[in-house]
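The lines below spell out each chain.
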Amino acid sequence: MAEALLSLRINGESVHAAAPAHWTLLEVLRYRLDLIGSKQGCDKGDCGACTVQVDGEPVLACLTLACAAAGREVRTVEGLGWSPEASNGCHPLQDAFDRWDAAQCGFCTPGILMSAEALLRKVGRVVTRDEVREALAGNLCRCTGYTKIIDAVVDASEMLAAPRDET
Amino acid sequence: MPEQPGPEEDVGPVDGQVEAPVDGPVDGEAPESEPEPVRWQLGKSHRKVDAMERMRGITRYTDDIKLPGLLHCKILRSPHPHANILSIDVSRALAMPGVHAVLTGEDLPVPYGVIPWTPDETALACGKVCYVGDGVAAVAAIDEDTAIAACEAIDVEYEPLPAYYDPEEALAGDHKINPYAKRGNLSKDVVLEFGDVEASLEQADVVVEGEYYFEGTTHGAIEPHCAVAQVEPNGLLTVWSATQVSHYLHRELAKVLRRPAHTIRVIQPPLGGAFGGKSEPFDLEFCVALLAIRTQRPVKCLYTREEVFYSHRGRHPMRMRYKTGFRQDGTITGVSARTFIDGGAYSSFGLVTTYYSGQLLCAPYAFPAYRFHSTRAYTNKPACGPKRGHGSVQPRFAIEVQLDKAAVELGLDPIELRRRNDIGPDGMTVNEFKIGSNGFLECLARVEAASDWGRRATLPYGRGLGIAGSTYISGTNYPIYPNEMPQAAVQVCLDRSGRARVFSGANDIGQGSNTMLAVIVAQELGLELDDIRVLSADSDLCPVDLGAYSSRITLMVGGACLDAAQKLRRKVRAAVAKRWELPARRVTLIDRKAMDLEDPSRSVSIVEAFQWAEADHGLLGEVGNYNTPKDRHGSYRGGTIGASPAYSFTAHVAEVEVDPDTGVVEVKHIWVAHDCGTALSRRIVEGQMEGSAYMGFGEALMERHDVDPGHNGVHIGPSLLDYRMPTFLDTPELHALIVEAPDAQGPYGAKEAGEGPLHPSIPAIANAIYDAVGVRLDSLPFAPPRVLTAIDDRLALEHAGELPTFKLGRGRAGLASARAAGGVA
Amino acid sequence: MLRLPQFGVALPSNVDAVVALLRDNPGARIVAGGTDILPNLKHRLDEPGMLISLAQVSELRSIAKLAHEGREVVEIGAGNTLTRVSEDPLVRELFPSLATAAGLVASPLIRNMGTLGGNVNLDTRCRYVNQTKFWREALGGGCLKSEGNVCFVVPGGRNCVAAMSSDCVPVLISLGAEIVLAGPEGQRVVPAAKYFKADGLRHTVRDDAELTTKLRVPVPTTPRRSAYAKWTVRKSIDFPLVSVALRFDLKSDSVDAPVTELVVVAGVLGAKPRVIAKLDDVIGKPLSDPALSRIVCAAVGKQCKPLENVPYEAPYRRRMFEVFTRRAIAELVAAG
Ligand SMILES: Cc1cc2nc3c(=O)[nH]c(=O)nc-3n(C[C@H](O)[C@H](O)[C@H](O)COP(=O)(O)OP(=O)(O)OC[C@H]3O[C@@H](n4cnc5c(N)ncnc54)[C@H](O)[C@@H]3O)c2cc1C
Ligand code: SF4
Ligand code: FES
Ligand code: FES
């Protein structure tokens, strides 16, 4: 099986990996680069567990060909910890999810965090519960009934907005 | 005719009850009687001990394990619902480059089953296949693509047999599905009667009769099943598996692989959800184990989502006929139930399911007389098993709708009717189970108030409120295999740096059991949760635990942990008391300090306190045990099955909007009040309640796990696209209302919270639909076409004057005229 | 995992290069967002040797209003994501029903990936085909559209009736859009209404060597009301089970003004979207006239015959086509 050398930008860094042309971004992340934070729940677009960001937009890594991601900025859950908003290696969303117990098994969580982060960045203010529902409607969670996730995302948006409001 | 009781009913220990070891007083001191301990950690909301690493994406779930030389396993599955295997030729597959080994049924011929009395499965099919998706052969290859190609190169010759998709047809059929079954296609039959049911129904003022159908549903954990195996040169086999019952997996691996258990290590990595779907061994675990042995290389098998649907073990479809007698005042006189259970191809937990379908119904309402007859049959479908609320979610649907029908007939408020039948605390059910604490009345009161139930009387046509209640077990009094060892054991060690480690066999499946253990240790030893490391579910490092099922962990493992932690607490307090020359009763451990209760200015850091204790007692380690009380079950055959140390109670109110033109039901709110005894960690309890209500809601409205009898028994949609699990946009507002009625059996009074809160979801929604549009949905799911047909039928009867106009004058005008005019809507 | 078949991937950077690659590699397939073709390939409904990715063809991503052959049109590049189409100010202002439809496709994640070109060329769908190869084998060896030679929806049928399941297609037809194709022979323009055929195996007139470059949508020349109605079980992720696009051109900017032209298009029936015929009686009636709604709904109910090719009973869906049409009109009237 012919493998091609991929040059990717992942979490702000240039990364190279050899992988067959028919591999998805999810496979390359998980099985070549050991970035295991992105999960696989269905492998065909139905669950959102594999959500990563490409050029800032949340997309499904299981339906993205790795080679088509070349030249674009890929961001995974691992990169949230060293984003500018993070402190102590932890993004305000991760902190809010932790406080709200918004992750039960945590398998859906990385994907949900990537969708939620894009929402907060896009909206740039405190989000409403309905905005959260709309933005996360492609991410399934089987454990939480979503309630605590919505709580946590709204809370994180307040945390992010607070310093802005003060200035 | 009731069957002759089989040996399997003797699931309790025969004689000689096991007592939890009594912990002796420390240093000859009398056990302290002391004031209620300060709630230092108890009942707070906590950050979970292992959530942050999951959030950061660094937790290694099973599929994240990387080992050098890892081979990939794929399992070839049967495309036939029922067929004899005439021959299997693996030679072409074996000859392929990159293929390391191929297994067929004959390589793993030992039958197993999670219930020791019904070993009716083999890892791979031996001689015949019993459903579409049954495992036939397994390949280990250099990568998944090669393994798949090798599977396609295996030549299997089948002789198709007639297939059965309906339990009653299967029972009447000539072809036996499961080769190990002893009684044709009968998997289990249970008849139990308590009191004189016929007389009780005759004495009733009103008898409500109903037939209910609960379609199958599955767990839908987002993480697919996965297992990895590796053998060390000394022969030690390690199996990592996404399982919720490491210990039963360990036992069955030993049995099927015919090697002693001490040569096998089972590790459960962090789990991506289970809900009962990972509570028994599956083909992949045996296959990777044997393939690792054969190839001397690590081997992994990851199910595709489709395979997860085939492995199933989800909620049994049940056809239930109920007769319930009521007096004019709404009290129940008697209940009679006849239930057919569709088991699928294997027993799984089916023996227990069959009992649970009747045994778990006898609270929260007092039944003066009760009879149930439940029959489980084999069918050519993926095997059913335990899903959250094992065995009792289906009959709960039936009985709660029965109560609602009675309330209508008797002109009573359905909450009031439930109150009048409340069994109360410290009583005995009609089937002789002893109930301890019972917060059911408070649950009813809480949902009544929170939902503003009074507005029900004036809600317009199309909107409605519905109520339902339930009870569930907090663990079972007897383990799956009879033994006299404790039901749970935990080991806790303290470190002189001020940390604690907890070793527990319990499986944290996302429900937060590791955090629960840390809360108990932190509470007892004055620590923060950050000071505690919980090591769980590794058979080499941790004491045996029976697993995450039957909602047993908080009560049992928590109880064992409390036992160990209290022993350590005693040692630490004694060491401090000795140095301060105080009675130990005055020393408390709180806020990372040991403190004089009467003079809080006097304190010492917990680090020093631990060091004093280590100086006095040597290394600080204790084991704790929990065993169930053996006096809480019925004294009849089968009377142990379903008996629990303590029972949780739940009530739901659901608010729905039914669109009479489309039949679409929107659930707006579910208020969930749940008596969990004592909430050890509030947010975790709320999360369990919300997750449960969500899961029930999905089952009620949209989830369908079934096969297509018209098309060779193929699954109707084995994917997360076709199996519709509610999204963020579909899910109602869920309101968790914690009720606490502490039970003497649980640690600090804690009972379960993980399964009970699911039960009333479905009937509460059904009852709300009735309240909205006056139609009864006695079959699941409440899909729009079904709801619309029911509405049509009612309107036709109203139009013909055979039924009164439902909610006349309350938003009916437009609808009635449009439909009556013959238009579709 | 659910494996993709092996293929090579080409990453051309402009339309000409795509056309050349298509010409030189018969059997190659275009992948845009990949949200339709990759699941289908994972299900082994095709095994192309090469995928030609549009990921780097930036010229397919413009949206612009311009004059074309004496009329105003908006050209929407086929490579725009559905998110972009649903949020674009020009689209929202001029073609609100298109913005609605694009915003109702699948889930936010899929709309961030899926393109309008992919949505227009979305393969037809059927409960008996959009499953794994193993599943189809268990079914009895597939059907006309996969490995077999029978149809499970129309037993004995020789023609595949898999459902055209795109949300945007009915709307584009209702708006009189044209589909611009580039191929070895140069550019070709096909009206959206003529783009689709009643053949589930090949339901568009696009040649394998052609690609869709843009959608050309005429700017309304009269006041207009338009709507798109979709029913699915879940409020996200699911493909449409009932799908109707409506467009009413009005004499003046009021729902009480007479309708001068109308187009009603239904999807998720067979392979071809259905343009509802015999609506002439409606011309001249005010949109707010209850008689208009009755006539349109009756025509929809009569002409839309859903099949058992997608989940949920066909008779139910047939009735819902009518209900959803009635409601869409009522909402337009209510909005004024
Ligand atoms: C879970 C799930 C739910 C979905 N729900 C919906 C839904 O509700 N409604 C809906 O409409 N769709 C739905 N889809 C299908 C799909 O996501 C969308 O139709 C999307 O718009 C397809 O666009 P794409 O760019 O991803 O297409 P691709 O998958 O890249 O391509 C689709 C097809 O079009 C061809 N193609 C793509 N671009 C061009 C071009 N420029 N010229 C010629 N041919 C081209 C490809 O060769 C392929 O045959 C769903 C998909 C998934 C996985
Ligand atoms: S309509 Fe018939 S031929 Fe077409 S995909 Fe469905 S079953 Fe196959
Ligand atoms: S794994 Fe990508 S959507 Fe499920
Ligand atoms: S936390 Fe388990 S799936 Fe979301």
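Residues numbered from 1 in each chain as written. Chains lettered and ligands numbered in written order. Predicted model: local features only at pLDDT ≥ 70, side-chain atom pairs only at ≥ 80, totals over all residues. Heavy atoms only, no water.

Draft legend 1. How the structure looks around the overall build of chain B. When helices and strands are tallied, chain B shows 19 helices and 28 strands. At 28 Å, chain B has a C-alpha radius of gyration in line with the 28 Å of a compact globule built from 825 residues. Viewed in the frame of its principal axes, chain B has a C-alpha envelope of about 90 × 75 × 50 Å. When the 825 residues of chain B are sorted by exposure, 69% land in the buried category. A sequence separation of at least 24 residues applies to 80% of the contacts in chain B between residues at least 6 apart. Put simply, chain B shows about 25,600 Å² of open surface, and 51% of that area lies on carbon and sulfur atoms. Here chain B contributes 81 positive and 109 negative side-chain charges, whose respective centroids are spaced 3 Å apart. (Helix = DSSP H or I, 4+ residues; strand = E, 2+ residues; numbered from the N terminus. Rg over C-alpha atoms; globule rule 2.2 N^0.38 Å. Buried < 20%, exposed > 50% of the residue type's maximum accessible area, 1.4 Å probe, protein only. Contact = heavy atoms within 4.5 Å. Areas by Shrake-Rupley, 256 points an atom, 1.4 Å probe, with all protein chains shown as cover. Lys, Arg positive; Asp, Glu negative; His and termini not counted. Charge placed at Lys NZ, Arg CZ, Asp CG, Glu CD.)

Draft legend 2. Layout of the sheet that holds strand S23 (residues 621-626) of chain B. All names here are of chain B. Read from one edge of the open sheet, four strands run S19-S18-S17-S23, paired in mixed fashion. Two strands lie at the open edges of the sheet, namely strand S19 (532-536) and S23, each paired on one side alone. With strand direction ignored, the average angle separating the axes of adjacent strands in the sheet is 20°. Judged from the five bridges that link them, strand S18 (residues 500-504) and S19 form a sheet pairing that is parallel. Bridging across to S19, Val502 finds its partner in Val534. Against the sheet, helix H13 (residues 513-525) makes contact with strand S17 (488-494), S18 and S19, and its axis sits at roughly 140° relative to S19, the strand it touches most. Contacting S17, S18 and S23, helix H14 (residues 553-580) runs over the sheet at an angle of about 145° to S23. (Pairing = 2+ DSSP bridges. Axes fitted to C-alpha atoms, helices over the stretch in contact; angles between N-to-C directions.)

Draft legend 3. Representation of the sheet that holds strand S1 (residues 8-10) of chain C in the model. All names here are of chain C. Pairing within the open sheet is parallel, and its three strands lie in the order S1-S3-S2. Bordering the open sheet on either side are S1 and strand S2 (29-31), each of which pairs with just one other strand. Averaged over all pairs of adjacent strands, the angle between their axes in this sheet comes to 35°, without regard to strand direction. Helix-sheet contacts for helix H1 (residues 15-24) involve S1, S2 and strand S3 (50-53), and the interaxial angle to S3 is about 170°.

Draft legend 4. View of the site of ligand 1. Around ligand 1, a shell composed of 36 residues is seen, among which Ile30, Ala32, Thr35, Ile37 and Thr115 of chain C lie nearest. Bordering ligand 1 are residues originating from chains A, B and C. Between ligand 1 and Asp36 of chain C, the relevant distance is 2.8 Å, taken from an oxygen atom to a main-chain nitrogen or oxygen of the residue. Take Ile37 of chain C: an N or O atom from its main chain is 2.7 Å from an oxygen atom of ligand 1. (Near = heavy atom within 4 Å. Polar contact = N/O pair within 3.5 Å; in protein donor to acceptor, adjacent residues only side chain to side chain.)

Draft legend 5. View of the environment of Gly638 of chain B. All names here are of chain B. Checked against the element boundaries, Gly638 lands in the loop between S23 and strand S24 (647-658). A residue is classified by how much of its surface remains accessible, and Gly638, at 2% relative accessible area, is buried. The spacing of Gly638 and Val352 is 286 residues in sequence and 9.7 Å in space, taken between C-alpha atoms.

Draft legend 6. Highlighting the interface of chain A and chain B. Listed as interface residues are 53 residues of chain A and, on the opposing side, 57 residues of chain B. Taken together, both faces of the contact between chain A and chain B bury some 4,500 Å²; the carbon and sulfur share is 54%. Scanning the region where chain A abuts chain B turns up ten salt bridges. Arg30 of chain A is the partner of Asp63 of chain B in a salt bridge, and the nearest nitrogen-oxygen pair spans 2.6 Å. (Buried area = accessible area lost by both parts, 1.4 Å probe. Salt bridge = Lys/Arg side-chain N within 4 Å of Asp/Glu carboxyl O.)

Draft legend 7. View of the site of ligand 2. All residues in the neighbourhood of ligand 2 are listed as Cys126, Tyr128, Val129, Cys143, Leu144, Lys145, Cys151, Phe152, Val153, Cys160, Val161 and Ala162 of chain C. For the shell around ligand 2, the class distribution of residues is eleven nonpolar, no polar and one charged. (Nonpolar A, V, L, I, M, F, W, Y, C, P; charged D, E, K, R; others polar.)

Draft legend 8. Local environment of the pairing of strand S11 (residues 259-267) of chain C. Residues and elements named next belong to chain C. Of all nine residues in S11, seven are buried; the element is thus mostly enclosed. Here strand S10 (residues 242-250) runs beside S11; their pairing, made up of eight bridges, is antiparallel. Note on S11: the bridge partner recorded for Ser243 is Gly267. Two strands pair when backbone bridges link them, and S11 and strand S12 (residues 274-275) are joined in this way by two bridges, in the antiparallel orientation. Bridge pairing in S12 links Val265 to Val275. Count of turn residues in the S11/S12 antiparallel hairpin: six residues, of which Val268 carries a positive phi of about 55°.

Draft legend 9. Inspection of the pattern of salt bridges at higher detail. This structure, assessed with the given rule, holds 106 salt bridges over all chains. Of the charged contacts in the structure, one is a salt bridge between Glu655 of chain B and Arg455 of chain B, with a shortest N-O distance of 2.8 Å. Taken together, the positions of Glu655 of chain B in strand S24 and Arg455 of chain B in the loop between helix H12 (440-450) and strand S16 (463-473) put the pair 200 residues apart, joining distant regions of the chain. Using a relative accessible area of 6% as the deciding quantity, one classes Glu655 of chain B as buried. Under the relative-accessibility criterion, Arg455 of chain B is labelled partly exposed at 21%. Residue Glu72 of chain C pairs with Lys65 of chain C through a salt bridge whose shortest N-O separation is 3.9 Å. You can call Glu72 of chain C partly exposed: its relative accessible area is 42%. Take Lys65 of chain C: its relative accessible area is 42%, and that puts it in the partly exposed class. A cluster of three or more residues bridged by salt bridges with shared partners is formed by Glu27 of chain A, Lys74, Arg77, Glu144, Asp145, Asp283 and Glu307 of chain B together with Arg3 of chain C.

Draft legend 10. The interface of chain B and chain C, seen in detail. Taken together, the contact between chain B and chain C spans 44 residues of the former and 36 residues of the latter. When chain B packs against chain C, the two sides together hide about 3,300 Å² of surface, and 56% of this comes from carbon and sulfur. Counting every contact that joins chain B to chain C gives eight salt bridges. For Lys235 of chain C, the salt bridge identified is with Glu666 of chain B, shortest N-O distance 3.6 Å. Where chain B touches chain C, the interface holds 15 residue pairs in polar contact (both at pLDDT 80 or more).

Draft legend 11. Quick look at unusual backbone geometry. Residues and elements named next belong to chain B. Ala363 connects to Pro364 through a cis peptide bond whose omega is 0°. Tracing the backbone shows Pro364 in the loop between helix H9 (350-359) and strand S15 (370-377). The linkage connecting Leu780 with the following residue, Pro781, adopts the cis geometry, with an omega of -15°. With respect to the helices and strands, Pro781 occurs in the loop between helix H17 (761-773) and helix H18 (784-799). In this model, Asp452 sits at a positive phi of 55°, which is unusual for a non-glycine residue. For Asp452, a relative accessible area of 46% translates into the label partly exposed. Despite not being glycine, Lys807 shows a phi value in the positive range, around 50°. When you line up the elements, Lys807 lands in the loop between H18 and helix H19 (813-820). What makes Lys807 buried here is its relative accessible area of 8%.

Draft legend 12. Here's a closer look at the packing of H13 of chain B against H14 of chain B. Residues and elements named next belong to chain B. Interaxial distance between H13 and H14 falls to 9 Å at its minimum, and their mutual angle equals 25°. On the basis of the axis angle, H13 is roughly parallel to H14. Between H13 and H14 lies a crossing whose hand is right-handed. On H14, the residues that touch Ser513, Met516, Leu517, Ile520, Val521, Gln523, Glu524 and Leu525 of H13 are Ile553, Thr554, Val557, Gly558, Cys561, Leu562, Ala565, Gln566, Leu568, Arg569 and Val572. In the contact of H13 with H14, the residues fall into twelve nonpolar, five polar and two charged. (Parallel < 35°, antiparallel > 145°, perpendicular 65-115°, else oblique. Left-handed = near helix turned anticlockwise from the far one by under 90°.)

Draft legend 13. Representation of the state of the cysteines in the model. Residue and element names in this part refer to chain B. Enumeration according to the criterion identifies zero disulfides over all chains in this entry. Free cysteine Cys130: the closest other cysteine sulfur is in Cys126, separated by 11 Å. Cys493 carries a free sulfur, and the closest cysteine sulfur to it, the one in Cys542, is 11 Å from it. Given a relative accessible area of 11%, Cys493 falls into the buried group. (Disulfide = S-S within 2.5 Å.)

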